[in-house]
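Structure at a glance
In case you want the letters, here they are:
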Amino acid sequence: MTAGQDAREAQWLKWRSVADLYHAFFTGLILTVVTRRGTADAAEFVFRVFRRQHQERFLPGLVKLGIDHLPPAVAAAQYHYLSNWIGGVHVEYMYENDRKAWIRYPPPRWIWRGTAICGVPGEVSRAMLRGWHANNGVALGDLRLGFVCTKQSVDGQDGLEGYYHQYDGPLELDQRLVFARHLEAPLFDPASAPALPVESWPRPRLEKAYRNYAMEYVKTAAPVLVQVFGPENAGYLLHLTGKLIGMQYFDEIAR
């Protein structure tokens, strides 16, 4: 390995440490709200974070990933697969037809890292789906597109999974996210899953995107916390979480 390669690898290691720290801070912030403010407040916070992320990133992300030309259900599912893969999140994608495509987040769940998953109420996980998954059809201008959730890992099931489905007619607000716990996703076949074009996604870009993935959640969450709870309460929650995470993760990322 050359000196230049060594320097790049060292830089990427630093970026991954930054990603780990922001990742832990975001997860910790949700748990701080759960334990200090309660489940309902935490669900509202998570809903607003993911809705804001969705409004800012979904449509531009489709273009960046080169999938904006696909049918709505397929584009929505492939977005989750590819964008989360870039961030180091384990996701599976299963195409059924142009109007139905599955996604599955198998354990271990990225967002509820380690033992954190034991402190996340089902209502908070549902708020994430309401904030993002239920709004993809609206963003795409197709009110026939909804998300059917078949499993939630925080409820003790083996992952979070569901499918995007394009119905025959427009959906009302409460129909855009529904639950069908009796259904099971098809098996994931990595060979048939979409992949990023290597020429436009070289490793330096992927490493930077990996770092930015976790940072974007905190960048979105901080102002949302102020909007929901006010500057004084938000400042307390952010400071407390930051101090706890900083102390807890210092040894792990110090190098």
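So, here is what we can say about the structure in this document.

Each value, and the rule that gives it
Residues numbered from 1 in each chain as written. Predicted model: local features only at pLDDT ≥ 70, side-chain atom pairs only at ≥ 80, totals over all residues. Heavy atoms only, no water. Pairing = 2+ DSSP bridges. Helix = DSSP H or I, 4+ residues; strand = E, 2+ residues; numbered from the N terminus. Axes fitted to C-alpha atoms, helices over the stretch in contact; angles between N-to-C directions. Contact = heavy atoms within 4.5 Å. Salt bridge = Lys/Arg side-chain N within 4 Å of Asp/Glu carboxyl O. Buried < 20%, exposed > 50% of the residue type's maximum accessible area, 1.4 Å probe, protein only. Phe/Tyr/Trp six-rings, centres within 6.5 Å; stacked < 30°, edge-to-face > 60°. Lys NZ or Arg CZ within 6 Å of the ring centre and 35° of its normal. Parallel < 35°, antiparallel > 145°, perpendicular 65-115°, else oblique. Left-handed = near helix turned anticlockwise from the far one by under 90°. Nonpolar A, V, L, I, M, F, W, Y, C, P; charged D, E, K, R; others polar. Core = buried A, V, L, I, M, F, W, Y, C linked by side-chain atoms within 4.5 Å.

Read across the sheet, 5 strands follow the order S1-S2-S4-S3-S5 without closing on themselves; strand pairing throughout is mixed. Of all the strands in the sheet, the pair left with one neighbour each is strand S1 (92-97) and strand S5 (177-179). In this sheet, neighbouring strand axes are inclined to one another by 20 degrees on average, regardless of whether the strands run parallel or antiparallel. Both strand S3 (residues 145-151) and S5 contribute to a ladder of 3 bridges, which runs parallel. The partner of Phe147 across the bridge, within S5, is Leu177. Taken strand by strand, helix H3 (residues 72-86) contacts S1, strand S2 (100-105), S3 and strand S4 (160-166), and its axis lies near 20 degrees from that of S2. Packing of helix H4 (residues 122-131) onto the sheet brings it into contact with S3, S4 and S5, and relative to S5 it is tilted by some 140 degrees.

For the coordinates displayed, the defined rule picks out 17 salt bridges. Taking the shortest distance from any N to any O, the salt bridge between Arg48 and Glu44 comes out at 2.7 Å. One end of the pair, Arg48, and the other, Glu44, are both in helix H2 (residues 39-65), 4 residues apart, so they sit about a helical turn from each other. Residue Arg48 is classed as partly exposed on the basis of its relative accessible area, which comes to 35%. Glu184 is paired through a salt bridge with Lys151; the nearest N and O atoms lie 2.8 Å apart. Highlighted residues: Glu184 in the loop between S5 and helix H6 (203-229) and Lys151 in strand S3, separated in sequence by 33 residues. A relative accessible area of 53% places Glu184 in the exposed class. Connected through salt bridges with shared partners, the residues Glu92, Arg104, Lys151, Asp158, Glu161 and Glu184 form a single ionic network.

Inspection of the sheet shows S1 paired to S2 by 5 bridges, in the antiparallel sense. Across the sheet, the residue bridging to Asn97 is Lys100, located in S2. Remark: 2 residues form the turn of the hairpin made by S1 and S2, two consecutive strands paired antiparallel.

Counted according to the given criterion, the structure contains 13 aromatic pairs. Arranged with centres 6.4 Å apart and planes meeting at 55 degrees, the rings of Phe26 and Phe50 form a pair that is tilted. Here the residue Phe26 occupies a position in helix H1 (residues 3-37), and Phe50 occupies one in helix H2, the gap between them amounting to 24 residues. The buried category is assigned to Phe26, whose relative accessible area is 1%. Seen from their ring centres, Trp102 and Tyr163 are 4.7 Å apart, and the 50 degrees between their planes marks the pair as tilted. Taken as a pair, Trp102 in strand S2 and Tyr163 in strand S4 lie far apart in primary sequence, 61 residues in all. For the residue pair Trp102 and Tyr163, the accessibility class agrees, reading buried in each case. Note that Lys100 overlies the ring of Tyr163, its terminal NZ or CZ placed 4.4 Å from the centroid.

It is the contact of H2 with H6, at a shortest axis distance of 9 Å, that shows an interaxial angle of 130 degrees. Relative to H6, H2 is oriented oblique. Viewed along their axes, H2 and H6 form a crossing whose handedness is right-handed. Counted together, Asp41, Phe45, Arg48, Val49, Phe50, Arg52, Gln53, Glu56 and Arg57 of H2 and Glu216, Tyr217, Thr220, Ala221, Pro223, Val224, Leu225, Gln227, Val228 and Phe229 of H6 form the full contact between these two elements. Partitioning the contact of H2 with H6 into residue classes produces 10 nonpolar, 3 polar and 6 charged.

This part takes up the nonpolar core. Of all hydrophobic cores here, the largest spans 65 residues; its most connected members are Phe26, Ile30, Phe45 and Phe50. Excluding residues that lie within four positions of it along the chain, Phe26 makes contacts with Val49, Phe50, Ile111, Tyr217, Val218 and Ala221. Residues Met94, Val148, Tyr163 and Ala180 belong to the second largest nonpolar core, which totals 6 residues.

Moving on: the pairing of S3. Within S3, 7 of the 7 residues are buried, which leaves it mostly tucked inside the rest of the structure. Bridge count between S3 and S4: 6 bridges; the pairing is antiparallel. Of the residues in S4, the one forming a bridge with Lys151 is Glu161.

We now examine the packing of H3 against H6. Following both chains from N to C, one finds H3 and H6 inclined at 100 degrees, their axes separated by 8 Å at the closest point. What the angle tells us is that H3 and H6 run roughly perpendicular. For the pair H3 and H6, the contacting residues are Ser83, Asn84, Trp85 and Ile86 in the first and Leu206, Ala209, Tyr210 and Tyr213 in the second. Each residue belonging to the contact of H3 with H6 can be placed in one class, and the counts come to 6 nonpolar, 2 polar and no charged.

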